Amino acid sequence: MTATRPEPGTVAWTPEDLHAWPVLRPLLDLGGYLPWSSGAMRPAGLVDVCNEIVLGARGRVLELGSGASTTLLARLLRTRGGRLDALEHDGGWATWVTAQLAGESLQDVAAVTHAELEPSGHAADGLPWYAADAVARVAGGPPVDLLIVDGPPACAPGMGLARLPALPALLHRLSADAVVVLDDIARGGEQEVLTRWERDTGFAFERRPSGIAVGRRADRSA
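This write-up is about the structure you can find in this document. (Residues numbered from 1 in each chain as written. Predicted model: local features only at pLDDT ≥ 70, side-chain atom pairs only at ≥ 80, totals over all residues. Heavy atoms only, no water.)

This part covers the nonpolar core. Counting residues in each nonpolar core, the largest one holds 35 residues, and the members touching the most others are Val-49, Leu-73 and Leu-146. Val-49 has contacts with Met-41, Leu-73, Leu-146, Ile-148, Val-181 and Ile-212, leaving out every residue within four places of it along the chain. (Core = buried A, V, L, I, M, F, W, Y, C linked by side-chain atoms within 4.5 Å. Buried < 20%, exposed > 50% of the residue type's maximum accessible area, 1.4 Å probe, protein only. Contact = heavy atoms within 4.5 Å.)

What follows deals with the packing of helix H3 (residues 68-80) against helix H4 (residues 91-103). Geometry of a packed helix pair, given as the angle between the helix axes and the separation of the axes. Interhelical geometry of H3 versus H4 gives an angle of 25° and a closest axis separation of 10 Å. By the angle between their axes, H3 is roughly parallel relative to H4. Note that H3 runs across H4; the crossing there is right-handed. Of the residues in H4, those in contact with Thr-70, Thr-71, Ala-74 and Arg-75 of H3 are Val-97, Gln-100 and Leu-101. Tallied by class, the residues present in the contact of H3 with H4 amount to 3 nonpolar, 3 polar and 1 charged. (Axes fitted to C-alpha atoms, helices over the stretch in contact; angles between N-to-C directions. Helix = DSSP H or I, 4+ residues; strand = E, 2+ residues; numbered from the N terminus. Parallel < 35°, antiparallel > 145°, perpendicular 65-115°, else oblique. Left-handed = near helix turned anticlockwise from the far one by under 90°. Nonpolar A, V, L, I, M, F, W, Y, C, P; charged D, E, K, R; others polar.)

Now for the layout of surface pockets. If you add up the space inside the second largest pocket, you get close to 190 Å³. Residue lining of the second largest pocket: 16 residues in total, with Trp-129, Ala-132, Val-135, Ala-136 and Ala-169 positioned closest to the centre. Counting only elements with at least two residues in the lining of the second largest pocket, the list comes to strand S4 (117-119), strand S5 (128-130), helix H5 (132-139) and helix H6 (166-170). (1 Å grid on protein atoms, 1.4 Å probe; cavity = no way out; pocket = protein on both sides within 12 Å on 5 of 7 lines; lining within 4 Å. Points joined across faces, edges and corners; volume = space filled by probe spheres on them.)

A word on the pattern of salt bridges. This model, assessed by the stated rule, comprises 16 salt bridges. Note that Glu-198 and Arg-207 form a salt bridge whose closest N and O atoms lie 2.8 Å from each other. Looking at Glu-198, the relative accessible area reads 29%, which means it is partly exposed. Where Glu-206 meets Arg-208, a salt bridge forms, and the shortest distance between an N and an O atom there is 3.2 Å. What makes Glu-206 partly exposed here is its relative accessible area of 42%. Via salt bridges that share partners, Asp-150, Arg-163, Asp-184, Arg-187 and Glu-190 belong to a single interconnected network. (Salt bridge = Lys/Arg side-chain N within 4 Å of Asp/Glu carboxyl O.)

Across the 6 residues that make up strand S9 (residues 212-217), a large majority, 5, are buried. With 4 bridges joining them, strand S7 (residues 174-183) and S9 adopt antiparallel strand pairing. Note on S9: the bridge partner recorded for Leu-182 is Ala-213. By the bridge criterion, 5 bridges tie strand S8 (residues 203-207) to S9 in an arrangement that is antiparallel. For Arg-207, the partnering residue across the bridge sits in S9 and is Ala-213. (Pairing = 2+ DSSP bridges.)

Purely spatial values, then, with no claim about function.
Written out as structure tokens, the structure reads:
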């Protein structure tokens with residue numbers, strides 16, 4: 001099966017992203033080349049996520065979507081202790097990222113589960129989301145203290161709210177002080193997702209220049 005997950009296009013990086021590269025260098029130097037595309041989280045966003053793992057002592061990470069971030073965060077978690085699980089809708093890409101993790105002996109730290117997209121009761125406009133059985137299997141166990149929402153793809157016309165189910169569907173799996181990260185917040189769809197999450201879930205989000213929003217329960221966001 002061919003890996004197809006990366007999306008073509010030019011990554012709109014900012015000076016913050018260029019400044020982020022030296023910060024990420026220790027993680028980049030721990031392994032080989034990683035494919036980077038317009039579908040990947042920006043370097044500045046990854047620095048924010050890494051800071052949250054280190055400063056917030058986040059040890060149970062659930063990532064929706066997979067790629068370069070999965071491997072980099074697994075490298076970080078191996079040095080600190082912790083576990084990352086990722087859900088990926090593209091079977092070929094899930095296989096590729098899994099092989100990348102195994103090639104770096106990271107399979108005990110991180111795993112990617114292929115999850116087909118299917119109808120969801122939490123979705124808007126009839127958009128599909130990750131299969132319920134895969135979500136239940138991967139999100140089980142200890143509560144999640146860092147949820148990273150970077151999938152499924154939401155850039156095509158009519159797909160802007162594809163990531164809406166993430167927080168309501170996983171709210172009961174989050175720890176009391178969990179942090180939720182949403183990528184690609186410059187897009188209108190993700191902005192609407194944040195509005196609905198803040199209205200319906202009790203989370204308050206900080207929109208950051210790094211291209212991500214970081215949310216905490218409103219009573220813990222001060």
